[in-house]
Amino acid sequence: MWIDVLVVVTSAFGTALRFCQDRFFRGFKKSRSTSIFIASLISCLVCGILNAMIFLLETSPILKEVICAGFLCGYSSFAVLGTAAALLTKRKRGWGKSVFYSLSTFILSLCFYFIGFFGILVLH
Amino acid sequence: MRHKDYQGRHLKSSSPPAHIQKKGRRRHPRKQRFLSDLLLVFAGALLGAALRVVITHFCDLVQYSFYGWDWTYLFINLIGAFIFGLLVSLFKVRFPSKGKKWYVFVSESAAASFTAFDLVFSQISLLYLQPNIVVLIFYVAVNFASCIVFSSLGIFLGSGKKSARRKRSGAHHQLSLERGKTRLPGARHGY
């Protein structure tokens, strides 16, 4: 029960952080899709590191539950990413940029996850 | 004493500006709007995450698992992606002047916090337990592609029947280009 409450609260903090990051990027004349892209990469890297730590060091799964299912899930989101990709098709450049954006985000997120995961394994 | 306006420029007259005269020193209106938006985002994210946790507890799809995976997160991601796409297109493309606060509360925070991106990726940590890596990557790719398809579906359902390309070639778009309105619906939201 308390873990669920922690998950909900940390998820809200993650979403608030991404909102602040969006505004910060807007200040530098960068689009929201750039902010979402960076959020996905960071969250995948952290998620990989965390999973490797749990796998190797047998860290408490509560930590994974709170950080991964809470904070990181609030921070980056499939829905936001998909909507950013779909809204890009409504701009002048059409489907090409959208497909490139979504595929590059997916592949790089996967790469960052593996970097985090295997990085900890190798270091250990 | 010389007073400053909102943008930090010195005012010519010695009398303080209207926002300082009435109730002392107030916050910058843009900063105030940001703080109220942040509060709305936090409240909406609490709601979305709570809904996700409740669905995870009650909608148990483990019995239909494929290679030991939980399909609950795919179900949650699909619903969240569709709702998020629909709301963004409704609030930002179809009715851009209505419901700014509702947009921030429902779509920017609740629908975004509802979906779980990292839990799908964390399924890859089963890499050592699963002999078939291709199936694992396929699972993540299915999650990712279906979310994009569902959010696109939501956007195209919410933004009306006409596609952006057809609209751009229409008479209204030509008129707006002549007037200097070159920004298109998707670009208005900053994506």
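The numbers attached to residues start from 1 for each chain and follow its sequence in the written order. Following the order in which they are written, the chains are lettered starting with A and the ligands numbered starting with 1. The predicted nature of this model means local features are confined to residues of pLDDT at least 70 and side-chain atom pairs, given and counted, to a pLDDT of 80 or more, with totals for whole chains, interfaces and linings taken over all residues.

**Student:** For the overall build of chain A, give the residues involved together with the corresponding values.
**Tutor:** Counting secondary structure elements, chain A contains 5 helices and 0 strands. When its helices and strands are written in sequence order, chain A yields α-α-α-α-α. When each of the 124 residues of chain A is scored for burial, the buried share is 48%. Of the contacts formed within chain A by residues at least 6 apart in sequence, a portion of 77% connects residues at least 24 apart. Numbering of helices and strands runs from the N terminus, with a helix taken as a DSSP run of H or I at least four residues long and a strand as a DSSP run of E at least two residues long. Buried means a residue has 20 or more other C-beta atoms within 10 Å of its own C-beta, exposed means 12 or fewer, and partly exposed covers the counts in between; C-beta atoms are placed from the backbone. For the purpose of contact definition, each residue receives a C-beta atom placed from its backbone, and two residues are in contact when these atoms lie within 7 Å.

**Student:** Explain the overall build of chain B to me, and be specific about the residues and the numbers.
**Tutor:** Each helix and strand in chain B was counted, giving 9 helices and 0 strands. Starting at the N terminus and ending at the C terminus, chain B contains elements arranged as α-α-α-α-α-α-α-α-α. Of all 191 residues assigned to chain B, the portion counted as buried reaches 36%. Long-range contacts, defined here as pairs at least 24 residues apart, represent 65% of the contacts in chain B between residues at least 6 apart.

**Student:** An account of the packing of helix H1 (residues 2-27) of chain A against helix H3 (residues 61-75) of chain A is needed here, citing residue identities and associated values.
**Tutor:** Residues and elements named next belong to chain A. Here, axes are lines fitted to C-alpha atoms. For helices the fit covers the stretch in contact, and angles between N-to-C directions go from 0 to 180 degrees. The geometry of H1 relative to H3 is characterised by a closest axis approach of 6 Å and an angle of 35 degrees between their N-to-C directions. Two packed elements cross with a definite hand, and for H1 against H3 that hand is right-handed. Across from Ile3, Leu6, Val7, Thr10, Ser11, Ala12, Phe13, Gly14, Thr15, Leu17 and Arg18 in H1, the residues of H3 making contact are Ile62, Glu65, Val66, Ala69, Gly70, Phe71, Leu72, Cys73, Gly74 and Tyr75. Here the residues of the contact of H1 with H3 are counted per class, giving 13 nonpolar, 6 polar and 2 charged. In this scheme the handedness of a crossing depends on how the near helix is turned from the far one: anticlockwise by less than a right angle means left-handed, clockwise means right-handed. Residue type decides the class: Asp, Glu, Lys and Arg count as charged, Ala, Val, Leu, Ile, Met, Phe, Trp, Tyr, Cys and Pro as nonpolar, and the leftover types, Gly among them, as polar.

**Student:** For the environment of Thr56(B), give the residues involved together with the corresponding values.
**Tutor:** For Thr56(B), the position within the fold is in helix H2 (residues 29-58). Spatially, the C-alpha atoms of Thr56(B) and Gln32(B) are 36 Å apart, while their sequence positions differ by 24 residues.

**Student:** Got a sec to walk through H3(A)? Specific residues and values, please.
**Tutor:** Helical geometry note: an α-helix holds 3.6 residues per turn, so side chains three or four residues apart project in the same direction. Residue count minus one, scaled by 1.5 Å, sets the expected span of a helix. If you check H3(A), its first and last C-alpha atoms are 20 Å apart, about what 15 residues at 1.5 Å a residue would give, namely 21 Å. Turning to H3(A), its buried residues number three or more, namely Lys64(A), Ile67(A), Cys68(A), Ala69(A), Gly70(A), Phe71(A), Leu72(A), Cys73(A), Gly74(A) and Tyr75(A). Buried positions along H3(A) lie against H1 and helix H2 (32-57) of chain A together with H2, helix H4 (100-114) and helix H5 (118-121) of chain B.

**Student:** Explain the packing of helix H3 (residues 72-94) of chain B against helix H6 (residues 133-158) of chain B to me, and be specific about the residues and the numbers.
**Tutor:** Residues and elements named next belong to chain B. As a packed pair, H3 and H6 sit with axes 7 Å apart at the nearest point and diverge in direction by 30 degrees. The angle between H3 and H6 falls in the class roughly parallel. The two elements H3 and H6 cross, and the hand of that crossing is right-handed. A class-by-class count of the residues in the contact of H3 with H6 yields 14 nonpolar, 9 polar and 1 charged. For classification purposes, an angle smaller than 35 degrees is called roughly parallel, one larger than 145 roughly antiparallel, one from 65 to 115 roughly perpendicular, and anything else oblique.

**Student:** I'd love a proper account of the confidence of the model for chain A, names of residues and values included.
**Tutor:** Each residue carries a pLDDT value, the predictor's own confidence for that position, ranging from 0 to 100. Mean pLDDT over chain A: 79, with 84% of residues reaching 70 or higher. The spread of mean pLDDT over the elements of chain A runs between helix H4 (residues 78-88) of chain A, the lowest at 65, and H1(A), the highest at 85.

**Student:** Describe the confidence of the model for chain B, and please don't skip the residues or the numbers.
**Tutor:** Summary statistics for chain B give a mean pLDDT of 70 and a share of 58% for residues scoring 70 or more. Two summary scores accompany this predicted model of the complex, namely pTM at 0.72 and ipTM at 0.81.

**Student:** A description of the nonpolar core should follow, citing residues and the corresponding values.
**Tutor:** When buried Ala, Val, Leu, Ile, Met, Phe, Trp, Tyr and Cys residues are joined through C-beta atoms within 7 Å, the set is termed a nonpolar core. Counting residues in hydrophobic clusters, the biggest one holds 59 residues, and the most contacted among them are Cys47(A), Leu72(A), Leu87(B), Ala111(B) and Ala116(B). At 12 residues, H3(B) tops the list of elements feeding residues into this core. In this structure Leu72(A) touches Gly14(A), Ser43(A), Val46(A), Cys47(A), Ile67(A) and Asp118(B), once residues within four positions along its chain are discounted.

**Student:** Can you lay out H4(B) for me, pointing to particular residues and giving the numbers?
**Tutor:** Residues and elements named next belong to chain B. Taking 1.5 Å of rise per residue, 15 residues should cover 21 Å, and H4 covers 20 Å from first to last C-alpha, within 8% of that figure. Counting buried positions along H4 gives 12 out of 15 residues, so the element sits mostly inside the fold. Within H4 the residues assigned to the buried category are Tyr103, Val104, Phe105, Val106, Ser107, Glu108, Ser109, Ala110, Ala111, Ala112, Ser113 and Phe114.

**Student:** Give a description of the environment of Met1(A) that names residues and reports values.
**Tutor:** All names here are of chain A. Here Met1 shows up in the segment before H1. The class for Met1 is exposed, based on 5 C-beta atoms found within 10 Å. In this structure the C-alpha to C-alpha distance between Met1 and Phe28, which are 27 residues apart in sequence, comes to 41 Å.

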